[in-house]
Amino acid sequence: MRKKIIAANWKMNMTVGEAEAFLDTFLLELGDESGVDVVIVPPFTALAKVGERLSNSSTVKLGAQNMAFEKSGAFTGEISAAMLRDLYVRYVVLGHSERRTLFGETDAIVNKKVRAAHEASLKPILCVGETLAERDADRVEEVLETQLRGSLADMSSKEIVETVIAYEPVWAIGTGRVATPEQAQAAHAFIRKTIAMIADQAVADKVRIQYGGSVKPDNAKTLLGQPDIDGALVGGASLDPRAFVEIVKAGASIEA
Ligand code: 13P
């Protein structure tokens, strides 16, 4: 069985004070829920404080939104894997569509980052997904396969098992236009089939695949109930502690 993993990608939101206020409510409302893995992914500036607040939690882990592939040196503005480890970060979101489209990250760059993360024992959350134009042109599978093969190149089976894949159709991100459960399930099943080709079936059966794109409390349960949907990567709704708790509980109710 794959344990569900629900992550809050705060993107470029939340000062340290706002993050603390979020956690006051979130941790209280979450209680001792332990049926799912939860990851909070704050901006870099709030990692230390959020990590401190999560240090006693066995359910809620810390994630980062990006990372350099270089180990250290003259890379002004960049953050290394070791720096993240230093703050008790466990997961790192890599290849998010906003990084791919706004900051020019290619599959080759994302691959270097995913491999650097594994080398430092950080678990990557690798994002893939098609644009609306690609979906309309019937190119979803081709795009996903290219992104997966490029981003997962030269990795061991063990590393692939420990990579969380996030299927995030670009047209569903921040638009309120969620993929239907059928569209999402079809893409997830294809991603799993592709992982079986890149590695093998045993690896594919173990890899967790999250859905991301306008996940809200009212659509979470149906999405998370699909056989190949193992979690959610939540943007907008994760900024509201009560909405995010509801999404986590929707995941836990399916596990139970
Ligand atoms: P929204 O939930 O705001 O659509 O964002 C999804 C996302 O990009 C998570 O990484």
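The following refers to the structure shown. The shown structure was predicted, so the numbers you read here are calculated from the model rather than taken from an experiment. (Residues numbered from 1 in each chain as written. Predicted model: local features only at pLDDT ≥ 70, side-chain atom pairs only at ≥ 80, totals over all residues. Heavy atoms only, no water.)

1. A look at helix α12 (residues 241-255)
Thought 1: Along its 15 residues, α12 runs 21 Å from first to last C-alpha, staying within 8% of the 21 Å computed at 1.5 Å per residue.
Thought 2: For α12, every residue scored as buried is listed here: Pro241, Ala243, Phe244, Val245, Ile247, Val248, Ala250, Gly251 and Ala252.
Thought 3: N-cap assignment for α12: the residue whose side-chain oxygen lies 2.9 Å from the backbone N of Arg242 is Asp240. (Helix = DSSP H or I, 4+ residues; strand = E, 2+ residues; numbered from the N terminus. Expected span 1.5 Å × (residues − 1). Buried < 20%, exposed > 50% of the residue type's maximum accessible area, 1.4 Å probe, protein only. Polar contact = N/O pair within 3.5 Å; in protein donor to acceptor, adjacent residues only side chain to side chain.)

2. Re the nonpolar core
Thought 1: One finds Phe26, Ile40, Ile165, Ile195 and Phe244 to be the most contacted residues of the largest nonpolar core, which totals 68 residues.
Thought 2: With sequence-adjacent residues up to four places away left out, Phe26 is seen in contact with Val38, Ile40, Val60, Pro241, Phe244, Val245 and Val248.
Thought 3: In terms of nonpolar packing, the next biggest core, distinct from the first, is built from 11 residues, Ile5, Val39, Tyr91 and Val164 among them. (Core = buried A, V, L, I, M, F, W, Y, C linked by side-chain atoms within 4.5 Å. Contact = heavy atoms within 4.5 Å.)

3. Observations concerning helix α11 (residues 217-224)
Thought 1: Turning to α11, its buried residues number three or more, namely Asn219, Ala220, Leu223 and Leu224. Within α11, the buried residues cover an arc of 125° as seen down the axis, which keeps them to one side.
Thought 2: At its buried positions, α11 is contacted by β1 (5-9), α9 (181-198), β7 (209-212), β8 (231-234) and α12. (Arc of directions from axis to C-beta.)

Functional significance is not addressed by these values, which are geometric in nature.
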